[in-house]
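# Summary of the model geometry
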Amino acid sequence: MDNNHHSNKDIPKIESSKEQVLVEGFNSDHKPTKPNNRLLITLIAGGVMFVALIIVFTLLLLNKPDRSQNQKAQSAECLDNPVAFSNEFTDMAKISHIAPIGAINAGSTGRSYVFIKQETDGSYPRVPIYAPVDSKITRITYARRGGPDTPGEYRLDIEAGCNIKYFFDHVDDVNDKIKDKSPKTPADNTGSGTEVSVDIKAGEFLGESDGTPMAHSWDFSVMNVSRKNTFINPSRWQSEQNLNAVCPYDMYEEKLKAKYYAALKYWNGASSDACGNPSHDVAGSLSGGWFQGDATDMQGNRILIGSFGSMTEFFIDIGNNYQDRFSIRDTATTIKPKDVKAGDSVCYSEGSKYAFFKLESDSSLKSVHGNGSCPKSLPPSGTPTWQ
């Protein structure tokens, strides 16, 4: 049979009940029709756009920074090359001594206080403050601390990388580079710092201080945000200076570390061979933090009690008014808070003030405090309970 010849029965008919249906590419007589150019162009353009979108999306995925990988890389780098302080932070020839961290009756348990040596004429000179390591100032606070008639003081918050942050507080003057980025007028409170970005080099002169009017000391504090200090009730502790503070002098290489450790002294002048810790919690004892209700280390009713050298220090806060804080530094009582166990009682005093504590269990404390002499026992009623 001739392959080019077809009979009528070889060509199928496509019919509907009312009219013939056109099949794409053929007319009703089954002859080829011209393609719809507009439709063809639309289909091609749509396909090209679809392929282009796939390519763009793929490239975005390939180039998207992997935060977890970056964090892992940074962590590995910090483990291999941890931040180490290399330069002295002040002129130690002008410093009387430095205090360990962990002082309770002070501005913060996370700060080391740097005491200026008194001159022969009774004055206290300004001493220099230097950057201990290459770092970046991220916040500058310039405020009056002693009322509207007092001069402003600076606090410099600084980041050294690898989750290491530190600050200097009670700085009387700063260098011109820092001053250019600082507020020009001192604020009435310390809650109005200015965010900045000022690179500083190890050993760079930052400013100077003659300390606070009463203590003639200024503050040096270091936080390692990647680690937390140990507390029995971690949810109660929220302040970064309690949670993350570390000894500033442990950040130095051994020669400078030994130099600073040799200058460590408590309030009573006794030397210390340890640099301290913000946490005073000792399980099963009186020592540490005690709270009522939903209080934390930042607000509410709370007690913090512990030893600072041979002394017992504590404060009792009722509410959030620090002006009403009741505090005692007992230098005479030999029973230390860590040695007071469940069922024991102890009374601490300073001058005309006293506080009597009874540890009812590992997690329950009763207390009474006021003016006068220590009572012989806990009053039968009206004594608050702390957890």
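The preceding data block contains the structure.
All of the points below concern the structure found in this document. Small disclaimer: the values here were computed from a predicted structure and weren't measured.

Rules behind the numbers
Residues numbered from 1 in each chain as written. Predicted model: local features only at pLDDT ≥ 70, side-chain atom pairs only at ≥ 80, totals over all residues. Heavy atoms only, no water. Helix = DSSP H or I, 4+ residues; strand = E, 2+ residues; numbered from the N terminus. Contact = heavy atoms within 4.5 Å. Areas by Shrake-Rupley, 256 points an atom, 1.4 Å probe, with all protein chains shown as cover. Disulfide = S-S within 2.5 Å. Buried < 20%, exposed > 50% of the residue type's maximum accessible area, 1.4 Å probe, protein only. Core = buried A, V, L, I, M, F, W, Y, C linked by side-chain atoms within 4.5 Å.

### Description of the overall build of the chain
A tally of regular secondary structure across the chain gives five helices and 19 strands. Looking at the chain alone, contacts between residues at least 24 apart form 57% of all its contacts between residues at least 6 apart. Split by element, the accessible area of the chain, about 22100 Å² in all, is 52% carbon and sulfur.

### Re the state of the cysteines
Applying the stated criterion across every chain yields a total of three disulfides. Sulfur-sulfur distance for the disulfide between Cys78 and Cys162 comes to 2.0 Å. Its S-S torsion of about -90 degrees marks the bond between Cys78 and Cys162 as left-handed, since a negative value means left-handed. Here Cys162 lies in the loop between β5 (152–161) and β6 (164–171) and Cys78 lies in helix α2 (residues 67–80), a separation of 84 residues in the sequence. Look at Cys162 and you get partly exposed, because its relative accessible area is 21%. Disulfide pairing is shown between Cys347 and Cys374; the S-S distance is 2.1 Å. Residues Cys347 and Cys374 are joined through a disulfide that is left-handed, its torsion about the S-S bond being -85 degrees. Of the two residues, Cys347 sits in strand β16 (residues 345–350) while Cys374 sits in the loop between β18 (364–371) and β19 (385–386), which places them 27 residues apart along the sequence. Residue Cys374 is classed as partly exposed on the basis of its relative accessible area of 33%. Sequence-ordered numbering of the bonded cysteines in the chain yields a pairing of 1-2, 3-4, 5-6.

### Description of the nonpolar core
In this structure, Phe85, Phe89, Tyr166, Phe168, Phe220 and Tyr249 are the most contacted members of the largest nonpolar core, which totals 42 residues. In this structure, Phe89 is in contact with Val114, Pro128, Ile129, Tyr130, Phe168, Trp218, Phe220, Tyr249, Tyr252 and Tyr260, ignoring residues within four places of it in sequence. With 16 residues, the next largest nonpolar core counts Ile303, Phe357, Leu359 and Trp386 among its residues.

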